[in-house]
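# Structural description and commentary
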Amino acid sequence: MQKPGDAVAQFQQASSVSSLWSRLNARKGLPFAAKAVAELKEDGRDGDYVGDYKLTVWNARWQWTDNVIFLTFLCPAAWVWMMSKVPK
């Protein structure tokens, strides 16, 4: 008969990060890995491109779509401020 401690240890080994990583690597690659690779290659075009998107000095580090990070803090703060102005 199996001890309860053995079942817990088996569950921990099956659900650990390293076992999950090895199962993902056992497949034919990660499903999102092909899209995440940025290839910067010189092919005669006038600059560096990521896919069809041209990288410049202004957008190489921060894209305008990255401002969503600020919205996660600004939207709740705006809601709290707006609700504080509503009369009771």
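Everything numeric here is computed off the predicted structure, so don't read it as measured data.

### Quick word on the overall build of the chain
From N to C terminus, the chain includes four helices and two strands. Walking the chain from its N terminus toward its C terminus, one meets helices and strands in the order α-α-α-β-β-α. For the chain, with 88 residues in total, the buried portion stands at 5%. A total of about 8500 Å² of accessible surface is found on the chain, and carbon and sulfur atoms cover 66% of it.

### Let's talk about helix 4 (residues 68–85)
Because the α-helix completes a turn every 3.6 residues, residues three or four places apart line up on one side. Across its 18 residues, helix 4 extends 26 Å between first and last C-alpha, which sits within 8% of the 26 Å expected from 1.5 Å per residue. At Leu74, helix 4 shows its maximal kink, close to 25°; a proline, Pro76, follows between one and four residues later.

### Considering the confidence of the model for the chain
With 77% of its residues at a pLDDT of 70 or more, the chain has an overall mean of 77. No element of the chain has a lower mean pLDDT than helix 3 (residues 33–36), which averages 59, and none a higher one than helix 4, which averages 94.

### Some details on a nonpolar patch on the surface
A cluster of nonpolar residues, Trp79, Val80, Trp81, Met82, Met83 and Val86, forms a patch on the protein surface that exposes about 660 Å² of accessible area. Mapped onto the secondary structure, Met83 falls in helix 4. Accessibility expressed as a relative area gives 39% for Met83, which makes it partly exposed.

Procedures and definitions
Residues numbered from 1 in each chain as written. Predicted model: local features only at pLDDT ≥ 70, side-chain atom pairs only at ≥ 80, totals over all residues. Heavy atoms only, no water. Helix = DSSP H or I, 4+ residues; strand = E, 2+ residues; numbered from the N terminus. Buried < 20%, exposed > 50% of the residue type's maximum accessible area, 1.4 Å probe, protein only. Areas by Shrake-Rupley, 256 points an atom, 1.4 Å probe, with all protein chains shown as cover. Expected span 1.5 Å × (residues − 1). Bend = angle between axes of the 7 residues up to and from the residue. pLDDT = per-residue confidence, 0-100. Patch = residues over 30% accessible without salt bridge, like charges linked within 9 Å, V, L, I, M, F, W, Y side chains within 5 Å. Salt bridge = Lys/Arg side-chain N within 4 Å of Asp/Glu carboxyl O.

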